[in-house]
Amino acid sequence: MVFSQTAESNPVYGSHGANSIHALSNADVILAADVVYDVHSIPDLVSTVCKFLSSPWKSTNGNQNGEEKRAIFATTFRNQTTFGLFEKELDKKGIICDYLSLDD
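Predicted model, so just to flag it, every value in this text is computed and none were measured.

K.L.:
Looking at this structure, I do not really get the packing of aromatic side chains. What am I missing?
P.N.:
The geometry of an aromatic ring pair is captured by the separation of the ring centres together with the interplanar angle, meaning the angle of the planes. As enumerated under the stated definition, the model contains two aromatic pairs in all. Ring geometry for phenylalanine 73 versus phenylalanine 86: centroids 5.8 Å apart, planes at 45°, classification tilted. Taken together, the positions of phenylalanine 73 in strand 3 (residues 70-74) and phenylalanine 86 in helix 3 (residues 80-92) put the pair 13 residues apart, joining distant regions of the chain. Accessibility assignment for this pair places phenylalanine 73 and phenylalanine 86 in one class, buried. A cation over an aromatic ring shows up here: lysine 69 above the ring of phenylalanine 52, its NZ or CZ 4.4 Å from the ring centre.

Structure representation (structure tokens):
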């Protein structure tokens, strides 16, 4: 899955707080594997992706480079209900999801 940037910006709450968000602001890609399996963690996962995609990306010298951020999830489709919830949460945040298969 590849997610595109959204204009919405919501706070992300978690055990790492501002330090994690600061680290995310210096990245251009989130790469995750097999994290879409627990329905209870999906809202926080989607909120984190939303915050990441909506924050400006700064290069190492502090300048915005204007390129689009991406979140890439490598995952196995195991449960329709879980993926349905994941897609619904992404849609509620205005995040566009593209699927790529190994056959592509």
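K.L.:
I would appreciate a short explanation of the nonpolar core in the present structure.
P.N.:
It is characteristic of soluble globular proteins that their nonpolar side chains tend to be buried jointly. Ranked by size, the top nonpolar core spans 16 residues in total, and within it Val36, Val46, Val49, Phe73, Phe86 and Ile95 carry the most contacts. Put simply, the parts of the chain that give this core at least two residues each are strand 2 (29-33), helix 2 (42-54), strand 3 and helix 3. Here this core takes seven residues from helix 2, the largest share from any one element. Those residues in contact with valine 46 that sit more than four places away from it in its chain are Phe86, Glu89, Leu90, Lys93 and Ile95.

Conventions used here
- Per chain, residue numbering runs from 1 following the sequence as it is written.
- Local features in a predicted model are, by the rule used here, given only for residues with pLDDT of at least 70; side-chain atom pairs are given and counted only at 80 or more, and totals for whole chains, interfaces and linings are based on all residues.
- Side-chain calculation: all heavy atoms of the structure are included, whereas hydrogens and water are not.
- Here a Phe, Tyr or Trp ring, Trp counted by its six-membered ring, pairs with any other such ring whose centre lies within 6.5 Å, and the pair is stacked when the planes are under 30 degrees apart, edge-to-face when over 60, and tilted otherwise.
- Per the convention used, a helix needs a DSSP run of H or I reaching at least four residues, while a strand needs a run of E reaching at least two, with both numbered from the N terminus.
- Partly exposed residues are those whose accessible area sits between 20% and 50% of the maximum for their type, while under 20% is buried and over 50% is exposed, using a 1.4 Å probe and protein chains only.
- Throughout this description, the term charge over a ring refers to an Arg CZ or Lys NZ atom that lies within 6 Å of the ring centre and within 35 degrees of the ring normal.
- By convention a nonpolar core is built from buried Ala, Val, Leu, Ile, Met, Phe, Trp, Tyr and Cys residues, the set being connected through side-chain atoms within 4.5 Å.
- Any two residues whose heavy atoms approach within 4.5 Å at even a single point are treated as in contact.

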